[in-house]
Amino acid sequence: MATSDISLTAGMRTNLLNLQGTSKLLNRTQERLSSGKQVNSALDNPTNYFAAQNANQRASDLADRKDGMSEAVQTVSAANAGITAVTGLINAAKGIAQSALSTSDTSTRSKLATQYDTIRSQVDNISSDSGYRGLNLLSSTNTLTVNFNEDASSSLNVVGFLANSSGLSLSGASSNWATNSDITTDTAKMDTAISTLRSNTQTLAANLNIITTRQNFTDSMINTLQTGADNLTLADMNQEGANMLMLQTRQSLGTTSLSMSSQAAQAVLRLF
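The paragraphs below set out a description of the structure included in this document. Since we're looking at a predicted model, the values are computed, not measured.

### Remarks on the side chain of N207
- Locating N207 in the fold gives a position in helix α4 (residues 180-233).
- Non-local contacts of N207, meaning those with residues more than four positions away in its chain, are made with L156 and V158.

So, in C-alpha cells, the structure goes:
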C-alpha cells in the first residue's frame, strides 16, 4: 500500500476516534444539563457521589422525624385545648357556688347544685374528647414519645394526666349544698383542680416549646444537608451550556474532516 494510502487511512481512523470521544462528551454534557448535576453516578466522582448520597439520606430521615414532631405538636395542642375548656367550666362552677352562698333558700341551692353536677359531667366529656389520632393526654397517664434524630437516641417523653372530675378530685355536690360548709368544701376542691390544671399547662407548654424548637432546628439541618449535597454534585449550567456549544462545533468540524478524508481516499482509489 502506498504511503499516501496509509496516511489517509490513519487520518480517517483518527477523525473517527475523535468523533467517538466527542460523542461521549456530548452525551455526558446532555445528561448534566438534563439532571442539573455534575455527578450523576459513582463513576463521575465516587467521593462526592457517596458523600452527597449520605447527606441526602440523613436529610430524608430527619424529614420523617419532622413529621412525627408535627403530629406531637397537634397532640399537645389538643390536650391544651381540653385544659383551657375544663378550666373555663370549673370557673363557671365556682360562679355557681358563689351564687349558692349568697342565698339561704334550700330549693335554690339544690337547683344550683344540680347545675354544678351538670358542669362536672361536662368536664368528664371534654377530658375524654381531647385526644388526637388515638392518643389522649388528659384521659390517663399516657406517654407521648417524640423522637428527634435518625436513630431515636434524642427524644422527649410527654406524660399526660387524668383531667376528668375523678382525676381533679371534683366530687358531686355535697348534700345538695344544704349548708355553707358543703359549698365551701366543693369550692376548695375546684380551686385545687384549677391549680392542678395550671401546673400541667405549664409542663405542656415547656414540652411544646422543646418540640417546636427541635422542629426549627431540624428544618435548618435538612437545609444544610441538602445544600451540602448539592454543592458536591450540582453542575454549573452556564459552563455546561458553553461546553455543549463547543462540543457541537467540534462534532460538526470532525464530521466535515472525516467526510473530506473519505472523499480523498476515494479519489486516490480512482487513480488505480
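Having seen it, we continue.
### Re the packing of helix α2 (residues 46-101) against helix α3 (residues 106-128)
- It is the contact of α2 with α3, at a shortest axis distance of 9 Å, that shows an interaxial angle of 170°. Considering the angle they form, α2 stands roughly antiparallel to α3. Here G82, A85, V86, L89, I90, A92, A93, I96, S99, A100 and L101 of α2 come into contact with α3, specifically with R109, L112, Q115, Y116, I119, Q122, V123 and I126.
- Residue classes in the contact of α2 with α3 are distributed as 14 nonpolar, four polar and one charged.

### Regarding the pattern of salt bridges
- With the rule as written, the count across this model stands at five salt bridges.
- A salt bridge links E150 to R58; its shortest N-O distance comes to 2.5 Å. Of the two residues, E150 is situated in the loop between β1 (143-147) and β2 (155-159) and R58 in helix α2; the sequence distance between them amounts to 92 residues.
- Given the relative accessible area of 30%, E150 is considered partly exposed.
- Given the relative accessible area of 33%, R58 is considered partly exposed.

### Looking at the pairing of β1
- What you see with β1 is a clean split: L144 and V146 sit on the buried side and T143, T145 and N147 on the side with no burial.
- The sheet contact formed by β1 and β2 spans five bridges and is antiparallel. The residue bridging T145 from the neighbouring strand is N157, located in β2.

### Some details on the nonpolar core
- One finds I90, V158, L168, W177, L197 and I211 to be the most contacted residues of the largest nonpolar core, which totals 37 residues.
- Elements represented by at least two residues in this core include exactly α2, α3, β1, β2 and α4.
- Considering every element that reaches this core, the biggest residue donor is α2, with 12 residues.
- Discounting residues that sit within four places of it in the chain, W177 has contacts with I96, A97, A100, R109, L112, A113, Y116, D182, I183 and D186.
- One finds A52, A55, M221 and A229 within the second-largest nonpolar core, a separate group that totals eight residues.

### Some words on unusual backbone geometry
- Here the phi dihedral of S169 falls at roughly 60°; this positive angle occurs in a residue that is not glycine.
- Within the element layout of this structure, S169 appears in the loop between β2 and α4.
- Even without glycine at this site, W177 takes up a positive phi of about 55°.

### Thoughts on the environment of G134
- The residue G134 is located in the loop between α3 and β1 in this model.
- A C-alpha to C-alpha distance of 9.3 Å links G134 and T75, two positions 59 residues apart in sequence.

Parameters and conventions
In every chain, residue numbers begin from 1 and rise along the written sequence. The model is predicted, so local features are restricted to residues of pLDDT at least 70 and side-chain atom pairs to those at 80 or more, both for listing and for counting; the totals for chains, interfaces and linings are taken over all residues. Excluded from the side-chain calculation are hydrogens and water; included are all heavy atoms of the structure. Counting from the N terminus, the helices are the DSSP runs of H or I reaching at least four residues and the strands are the DSSP runs of E reaching at least two. Every residue pair with non-hydrogen atoms within 4.5 Å of one another is taken to be in contact. The convention used is that axes are lines fitted to C-alpha atoms, helices contributing only their stretch in contact, and that angles between N-to-C directions extend from 0 to 180 degrees. Orientation labels follow simple angle bins: below 35 degrees gives roughly parallel, above 145 gives roughly antiparallel, 65 to 115 gives roughly perpendicular, and whatever is left gives oblique. Charged residues are taken to be Asp, Glu, Lys and Arg, nonpolar residues to be Ala, Val, Leu, Ile, Met, Phe, Trp, Tyr, Cys and Pro, and polar residues to be all remaining types, Gly included. Here, a salt bridge means any side-chain nitrogen of Lys or Arg that lies within 4 Å of a carboxyl oxygen of Asp or Glu. Only protein chains enter the accessibility calculation, which uses a 1.4 Å probe. A residue is then buried if its area is under 20% of the maximum for its type, exposed if over 50%, and partly exposed in between. For two strands to count as paired, DSSP must find a minimum of two bridges between them. Among buried residues, those of type Ala, Val, Leu, Ile, Met, Phe, Trp, Tyr and Cys that are joined through side-chain atoms within 4.5 Å constitute a nonpolar core.

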